[in-house]
Amino acid sequence: MFYLLNLFIQMKILINNSDLNEALKGVTNLGFVPTMGSIHKGHLSLIKKSKKLTKKTIVSIFVNPRQFNNKKDYKNYPKNIKNDIKILKKIKVDYLYIPKIKSVFGKNKKQKIYISRNYRILCAKFRKGHFEGVLQVMDRLTYLIKPNKIFMGEKDYQQLLLVKNFIEKKYSSKIISCKTIREKNNLALSSRNSLLNNQNFIVANKIATNLIKFKKFLKNKKNLENLIRDKNYELEKNFKIKIDYLELRKKRDLKNSKNLSNSKLFIAYYIGDIRLIDNF
Ligand code: AMP
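Just so we're clear, the structure is a prediction, and the values are computed from it rather than from any experiment.

Rules used in this analysis
- Residues numbered from 1 in each chain as written.
- Predicted model: local features only at pLDDT ≥ 70, side-chain atom pairs only at ≥ 80, totals over all residues.
- Heavy atoms only, no water.
- Helix = DSSP H or I, 4+ residues; strand = E, 2+ residues; numbered from the N terminus.
- Expected span 1.5 Å × (residues − 1).
- Buried < 20%, exposed > 50% of the residue type's maximum accessible area, 1.4 Å probe, protein only.
- Contact = heavy atoms within 4.5 Å.
- Polar contact = N/O pair within 3.5 Å; in protein donor to acceptor, adjacent residues only side chain to side chain.
- Pairing = 2+ DSSP bridges.
- Axes fitted to C-alpha atoms, helices over the stretch in contact; angles between N-to-C directions.

### Concerning helix H8 (residues 157–170)
Turn by turn, an α-helix covers 3.6 residues, leaving residues three or four places apart pointing in a common direction.
1) Next: In this model, H8 (14 residues) spans 20 Å end to end at C-alpha, consistent with the 20 Å of a helix rising 1.5 Å per residue.
2) Next: Among all positions of H8, only Tyr157, Gln158, Gln159, Leu160, Leu161, Leu162, Val163, Phe166 and Ile167 are buried.
3) Next: Buried-residue contacts for H8 involve helix H6 (122–126), helix H7 (130–145), strand S5 (149–153), strand S6 (174–178), strand S8 (263–271) and strand S9 (274–279).

Set out below in structure tokens:
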């Protein structure tokens, strides 16, 4: 047995694929929560849902180099493995998979992934190659783990849709979407929030509150496009941020939307040099 099995604590930590295969032998009704670590309450809500809907839950922590379009961003991505293990043990996750790059991608040649034209918008437009990297890692992890259900957050809504379309076509695993968990002052929880200084943390909360109110304000208004353009300008000016996009799009297929029905407001912005995304 290669995995580190601690008899007193239930969670099995799996660090390579033979650990993984041995541990998962005969496991049925498996829930999978893929993460890049620095575990927070957003991740925990996915895990809780998995524990409720499946018999066993596996969490992965893997900072996937292929989904970073910027080397510095990859290097600076927050890592907190000791604390993560402590939290995941406490919440009684069954398996924690912490693979090395070669366990995930092995000798596999970089798989060609094609993102259809309609989805080359929002983050796909501003982070070239990002979703190709996300789909490559989700393809490999789903192949290796073979979960019944995969739990993903609406916080990363475009990722959720792209992964759902890709994975459910190729595997029998179902993607289960989970609501965004927020700070009490409205900022969506994210591992990247730990990179914000105090002042920027406060500003990011204000921006989230501002957009929640703005979405309510848009109800029954006309010419939403213009109002959103003005809001973009106002936020950049008042909060000294650089907005990549602020757009209203349909939840189903992310097509441009001119009204609030079945639509979400999507934002990505830089505060200092930290890029945050959210949707309302
Ligand atoms: P990450 O570790 O950032 O790659 O996120 C792993 C999973 O957790 C993804 O499916 C995210 O969408 C989800 N997630 C991240 N932040 C939140 C949040 N605040 N609320 C709900 N889910 C989240």
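### Quick look at the side chain of Thr54
1) Next: Inspection of the secondary structure puts Thr54 in the loop between helix H2 (41–53) and strand S3 (56–61).
2) Next: Accessibility expressed as a relative area gives 8% for Thr54, which makes it buried.
3) Next: Looking at Thr54, its side chain comes within polar contact range of the main-chain oxygen of Ser50, at 2.7 Å.
4) Next: A distance of 3.2 Å separates a polar side-chain atom of Thr54 from the backbone oxygen of Lys56.
5) Next: Each residue touching Thr54, except ones within four places of it in the same chain, is listed here: Asn29, Leu30, Gly31, Lys149 and Phe151.

### Section: the sheet that holds S8
1) Next: Taken together, the three strands give an open sheet; going across it, the order is S7-S8-S9, and neighbouring strands pair in antiparallel fashion. Two strands lie at the open edges of the sheet, namely strand S7 (242–250) and S9, each paired on one side alone. Across the sheet, the axes of successive neighbouring strands diverge by a mean angle of 10°, strand direction being ignored.
2) Next: In the sheet, S7 pairs with S8 via eight bridges, with the strands oriented antiparallel. Pairing of Lys242 across the sheet is with Tyr270, part of S8.
3) Next: This element, helix H9 (residues 198–217), spans S7, S8 and S9 of the sheet and lies at about 160° to S8.
4) Next: Most of the contacts of helix H10 (residues 224–239) go to S7, to which it runs at about 155°, and overall it touches S7 and S8.

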